[in-house]
Amino acid sequence: MYTKDEIIATCISHQIPNGQLVAHGIATPLVAAGYLLARLTHAPDLAFISAIGQSVCRDWAPLGVATIEKLWISQGLMSINFVDAVCSFIPRFHPIEFFRPGQVDATGNFNNVFIGGSYERPRLRLPGVGGIPDITPFGENIFLYVPRHGRHTFVEKLDFTSGIGHDPTTRPGKGPTYLVSDLAQFDFAPESGRMRLISIHPGESLGRLQAKTGFVFEYQEPVAETDSPTPEELRLLREVIDPMGIRMLETLSGRRRRQKLRDILREESAFFAGFEDS
Amino acid sequence: MYTKDEIIATCISHQIPNGQLVAHGIATPLVAAGYLLARLTHAPDLAFISAIGQSVCRDWAPLGVATIEKLWISQGLMSINFVDAVCSFIPRFHPIEFFRPGQVDATGNFNNVFIGGSYERPRLRLPGVGGIPDITPFGENIFLYVPRHGRHTFVEKLDFTSGIGHDPTTRPGKGPTYLVSDLAQFDFAPESGRMRLISIHPGESLGRLQAKTGFVFEYQEPVAETDSPTPEELRLLREVIDPMGIRMLETLSGRRRRQKLRDILREESAFFAGFEDS
Amino acid sequence: MIDKTLSLSDAVRYVRDGHTIALGGMTIYRRPVAFVQALITTENPPSKLTLFSFTAGLASDILVGAGMVERIRTCYFGLESFGLAPMFTNAASDGKIEIIEESEASIANGLRAKMAGVGFMPSRAWQGTDMFSVRPDVRIIEDPYNGRDLTAFPAIGCDVAVIHVLKADKFGNCQLGGNPTIDHELTLVADTVIITAEEVVDSLETSIDFSGLPVSAVVHLPQGAWPTSCYPTYPIDGDEILRYIDACNKGEFDAYIRRLSQ
Amino acid sequence: MIDKTLSLSDAVRYVRDGHTIALGGMTIYRRPVAFVQALITTENPPSKLTLFSFTAGLASDILVGAGMVERIRTCYFGLESFGLAPMFTNAASDGKIEIIEESEASIANGLRAKMAGVGFMPSRAWQGTDMFSVRPDVRIIEDPYNGRDLTAFPAIGCDVAVIHVLKADKFGNCQLGGNPTIDHELTLVADTVIITAEEVVDSLETSIDFSGLPVSAVVHLPQGAWPTSCYPTYPIDGDEILRYIDACNKGEFDAYIRRLSQ
């Protein structure tokens, strides 16, 4: 058996061709796990650029929370300052990047600013847009992931559009090409620009998927089933890439999430001895 | 006794207040000699940025021709790439910089593009403008130097304006504040913006200066005499800063210049042993 | 150069009512937390600050919690894997704080415009998004070479920038230890630059990350980023960050800060 | 990553008639002289090239002397302390070469525009000078935030960039040994990037100056910058540069190149 985070990380990994430049944003350990899984299986020649540390990396290390900088700083091929990365490096290379939308609509527009209420008095203020409105107007390698599939995320109408999707009347960019959640994988139909089911994860049903999605998505029957992670993929995720289970943080919330964080920090402080020595 | 290059370097040195950032362009060893003389006398806390090596330096080394990079690269506090230096660093810091005009007019406009003929068929094509038209429209620390004072350089009308002077009808910048040649020192009168004599170098006359200048400059009688370099300044220039006499290249031309270059290169190859070892 | 070393209590006096204050580092890495604490607990703490942070995190959340921030300019405000920034998230939902909605590109281009001494820098960013609806001050211009619409991001400066560094010399030359973020740029756009440093040495001779030329004050402040990290000297103190979040969630921000400052 | 090592004779084939070719390094430091020689002496040398060099020096002058350059884009063309670049200076006085008059700012901003994917970058440079009279393509725009005139420097790209480096790995990751000039930017604006390197190693793991991602070919070419310098491996060979100048002044450019290539 495997967990939701593991099939998401595996699906992310399968989207990464060898030899590509992949970008890793803030607080997205599931994406890091997916990239590293690709790196250790079919894509040994990946290069990473990371928001944390602002380096170009070819090497890798297991995921951390308190010590995550070690991965990106100490093993960097070169350091790039944020301004150069944003203005020159990312526009030039169109790196593959996975974004986690706060809300996403049927054509792949998405929102990371606020949910509910008004902009001035939101029900929930989100952390903010980062580089999303910068890259999505022209990016060619935009991918989305949603760790907890639900109608609060997949909505008919966004409260705010910070990431550009496939609405053919408004979009200047190319839009996201792929979305993975804990229930299924999607791409976007070329004509309509609407979300289109690729496959449902093992054990999930089309009816449940439709019920948990706030808009109508396209699909063809018979519906395909997502490949389960292989035993080797699971071993790599659990033993090599992320032995502390940091990737799980994105699928947990509230008390369970805080408890998991405490467990991770306890395990990591053993690792910290090495951090201090190096 | 002293040579023309030595009084010019000394005058340059006297213009540099302690604690400033000074910029050093391409092929201007006289300016480097002046900066280093300031550094070793009244201005120990200078910082340098140099076109060669693109570094910020606090340390210094004797001048070189074939090995000049060693000075600016191996001893740099930090490296700045050219694009950042041009777009961000220089506009932010307004470093002191000495430019050598191909032609200069009475209000301090100057030309480093071509002399005589037309732009398409010039009598003499000059190397080009470097950063002159970039900095002079807003720079606050523009200085000029002319190693060989003559009517070919001090002209009534420029063939091309690449550096902005004090013409009050056109200038958006502040213009050069100072000019030194092998004959005299000048500043610019606040009202008219025209060149104004500060002092004549020892042994030169006002009549000769006027005859060698292609326009009327302002002066007050009695005309002051430039301070001669002190014995200590001459010792520093000759023995410490520039024992090979590289600063003299700017006051020589033709065969004498090439012979001086050959002499320098021969002396420098002894020094090169050390260059290779370091 | 001038010796710029200064005591923490003198350095906080640079920050005045109504100032825009920028904080170096990023989210929960190398943030000037000890400086922010000192600023909160000083005798007459400044008010109505505008906070400028490329990515705002713990230090910013504390400043917001203390009620000193009227306005925040950032493209991300959160505690990374530790979740939302509690005091910011509450203040934003209550409409008690003005947000100048930025993105990575609007900040990066705004800094470049300020450094270059021009009003704006052009970019393809934001085209087609709702960002303009919350930033009516951001103009769209026509590219004179191809007629396309471009976003003209306005210049961004600040009154005071506070940057915690691994090592500084007394002139303000600094080494960061990686994670350069926008700290070098902050030193170039701020009117006043304050450095807090794990270690202060007489003179750094090489490999600095930015020059001390624009620095006004250097404060020796070991553990000055705690509980955020200062790589490679110490990692994030995650337990302390969780204690902070728990205290905020229980409405005990003030008590937490008092305890921290004892 | 792909092994990009290539022979010199294969690498020169990337340069085609009418291409814009950029040369890395600066004036008489780390110039790709050996590559330029190979380009001149190859079987069907390309013609009608546009040469792009931030500061053009010896390698550029040789290419001009060979009659392969129709147009030159630069802000400085000279041999530093060695004086004017002879073949360029003659060609320019004879009106035999078109000069796209640039400055440091027009090139720096043009590179930034190209990298950002916009048509221009704005600057205070050139205002009040005669530069616009020889660059009628450069537009003046109004700053939408303060109404001031700004110079809109157009984007600059190139077909092929040739950069000589101290050390490269077979993927094209490079170390320059200081004097970074605009070489990193050239790799980001060129369609094809060719590296010639003093030393080629299997894999560089740290401290690279630019990434091999956009690199097409890596040529092992020891002494590839001679007689310009490759710091810290060798200094400028000033005697050879004087021999070059003397030969040019005597009208013996072709003989000089023949002798060099033997």
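Residues numbered from 1 in each chain as written. Chains lettered and ligands numbered in written order. Predicted model: local features only at pLDDT ≥ 70, side-chain atom pairs only at ≥ 80, totals over all residues. Heavy atoms only, no water.

Caption draft 1: Quick peek at the overall build of chain C. The helix and strand inventory of chain C stands at nine helices and eleven strands. In terms of overall size, chain C behaves like a compact globule, its C-alpha atoms giving a radius of gyration of 18 Å where 262 residues would be expected to give roughly 18 Å. On the principal axes, the C-alpha backbone points of chain C span a range of 60 × 50 × 35 Å. Looking at chain C residue by residue over its 262 residues, the buried ones come to 67%. Of the contacts made within chain C by residues no fewer than 6 positions apart, 70% connect residues no fewer than 24 positions apart. Surface accessibility of chain C: about 8200 Å² in total, with carbon and sulfur atoms responsible for 44%. For chain C, the distance from the average site of its 21 positive side-chain charges to the average site of its 33 negative ones is 2 Å. (Helix = DSSP H or I, 4+ residues; strand = E, 2+ residues; numbered from the N terminus. Rg over C-alpha atoms; globule rule 2.2 N^0.38 Å. Buried < 20%, exposed > 50% of the residue type's maximum accessible area, 1.4 Å probe, protein only. Contact = heavy atoms within 4.5 Å. Areas by Shrake-Rupley, 256 points an atom, 1.4 Å probe, with all protein chains shown as cover. Lys, Arg positive; Asp, Glu negative; His and termini not counted. Charge placed at Lys NZ, Arg CZ, Asp CG, Glu CD.)

Caption draft 2: Spotlight on the overall build of chain A. Within chain A, the regular secondary structure consists of eight helices and 13 strands. Computed over its C-alpha atoms, the radius of gyration of chain A comes to 18 Å, within 12% of the 19 Å expected for a compact globule of 278 residues. In terms of overall dimensions, chain A has a C-alpha envelope of 55 × 45 × 40 Å along the principal axes. Sorting the 278 residues of chain A into buried and exposed places 64% on the buried side. Residue pairs in contact within chain A that sit at least 24 positions apart in sequence constitute 65% of those at least 6 positions apart. On chain A, roughly 10300 Å² of surface is accessible, and the fraction owed to carbon and sulfur atoms is 50%. Distance between charge centroids for chain A: 6 Å, based on 28 positive and 32 negative side chains.

Caption draft 3: Structural view of the pairing of strand β10 (residues 190-201) of chain D. Residues and elements named next belong to chain D. One ladder, built from ten bridges, connects strand β8 (residues 158-169) with β10; its direction is parallel. If you follow A161 over to β10, its bridge partner there is V193. Looking at chain direction, β10 and strand β11 (residues 215-220) are connected through five bridges and run parallel. Across the sheet, I194 pairs through a bridge with A217, a residue of β11. (Pairing = 2+ DSSP bridges.)

Caption draft 4: Structural view of the interface of chain C and chain A. Taken together, the contact pairs 58 residues of chain C with 56 residues of chain A. Across the chain C to chain A interface the summed buried area is about 4800 Å²; carbon plus sulfur atoms make up 62%. Summed over the shared surface of chain C and chain A, the result is four salt bridges. E101 of chain C serves as the salt-bridge partner of R125 of chain A, at 2.7 Å between the closest nitrogen and oxygen. For the interface between chain C and chain A, the tally reads 24 residue pairs in polar contact (both at pLDDT 80 or more). (Buried area = accessible area lost by both parts, 1.4 Å probe. Salt bridge = Lys/Arg side-chain N within 4 Å of Asp/Glu carboxyl O. Polar contact = N/O pair within 3.5 Å; in protein donor to acceptor, adjacent residues only side chain to side chain.)

Caption draft 5: Seen up close, the packing of helix α1 (residues 4-14) of chain B against helix α7 (residues 231-241) of chain B. Residue and element names in this part refer to chain B. Taken N-terminus to C-terminus, the directions of α1 and α7 make an angle of 110°; their axes are 11 Å apart at the nearest point. The orientation of α1 with respect to α7, classified from their angle, is roughly perpendicular. Seen from α1, the contacting residues are E6, A9, T10 and H14; seen from α7, they are E233, L234, L237 and R238. Class assignment for the residues of the contact of α1 with α7 results in three nonpolar, two polar and three charged. (Axes fitted to C-alpha atoms, helices over the stretch in contact; angles between N-to-C directions. Parallel < 35°, antiparallel > 145°, perpendicular 65-115°, else oblique. Nonpolar A, V, L, I, M, F, W, Y, C, P; charged D, E, K, R; others polar.)

Caption draft 6: Structural context of the interface of chain A and chain D. The interface of chain A with chain D comprises 14 residues on the first partner and 21 residues on the second. Note on chain A versus chain D: buried area summed over both sides is about 1500 Å², and carbon and sulfur give 59% of it. For the pair chain A and chain D, the interface holds two salt bridges. A salt bridge links R58 of chain A to D169 of chain D; the nearest nitrogen and oxygen atoms lie 3.7 Å apart. On inspection of chain A and its partner chain D, the count reaches five residue pairs in polar contact (both at pLDDT 80 or more).

Caption draft 7: How the structure looks around the packing of aromatic side chains. This structure, assessed with the given rule, holds 37 aromatic pairs over all chains. Three or more aromatic residues joined by ring pairs form one cluster here, namely Y35, F98, F143 and Y178 of chain A. Over the face of the ring belonging to F138 of chain A we find R124 of chain C, whose NZ or CZ atom lies 3.7 Å from the ring centre. Looking at R139 of chain D, its charged tip hangs above the ring of Y145 of chain C, at a distance of 5.4 Å from the centre. (Phe/Tyr/Trp six-rings, centres within 6.5 Å; stacked < 30°, edge-to-face > 60°. Lys NZ or Arg CZ within 6 Å of the ring centre and 35° of its normal.)

Caption draft 8: Main features of the side chain of S123 of chain C. Inspection of the secondary structure assignment puts S123 of chain C in strand β5 (residues 120-123). In this structure S123 of chain C touches A105, N109, L150, T151 and F153 of chain C together with V118 of chain D, once residues within four positions along its chain are discounted.

Caption draft 9: Focus on the sheet that holds strand β1 (residues 21-24) of chain A. Residue and element names in this part refer to chain A. Taken together, nine strands build an open sheet; the order of strands is β4-β3-β2-β1-β5-β10-β11-β12-β13 and the sheet is mixed. With one partner strand each, in any of the chains shown, β4 (76-79) and β13 (195-200) form the two edges of the open sheet. Here the strands of the sheet are splayed against their neighbours by 25° on average, with no regard to which way each runs. Bridge count between strand β10 (residues 142-146) and strand β11 (residues 178-181): four bridges; the pairing is parallel. Note on β11: the bridge partner recorded for F143 is Y178.

Caption draft 10: Structural context of unusual backbone geometry. Residue P227 of chain C follows W226 of chain C across a cis peptide bond; omega there is 5°. The omega torsion across Y231 of chain D and P232 of chain D is -5°, close enough to zero to call that bond cis. In this fold, P232 of chain D is placed in the loop between β11 and α8 (238-249). Backbone geometry places H94 of chain B, a non-glycine residue, at a positive phi of 45°. Position of H94 of chain B relative to the elements: it lies in the loop between α4 (82-93) and β5 (96-99). The residue E80 of chain C is not glycine, and still its phi comes out positive at about 55°. Tracing the backbone shows E80 of chain C in the loop between β3 (69-74) and α4 (86-93). Residue classification places E80 of chain C among the buried positions, given a relative accessible area of 6%.

Caption draft 11: Broad picture of the pattern of salt bridges. All names here are of chain B. Scanning the model with the defined rule gives 48 salt bridges over all chains in all. Notably, a salt bridge pairs E232 with R235, separated by 3.1 Å at the nearest N-O pair. Of this pair, E232 and R235 are both found in helix α7, three residues apart, which corresponds to roughly one turn of the helix. Of the residues examined, R235 reaches a relative accessible area of 34% and is grouped as partly exposed.

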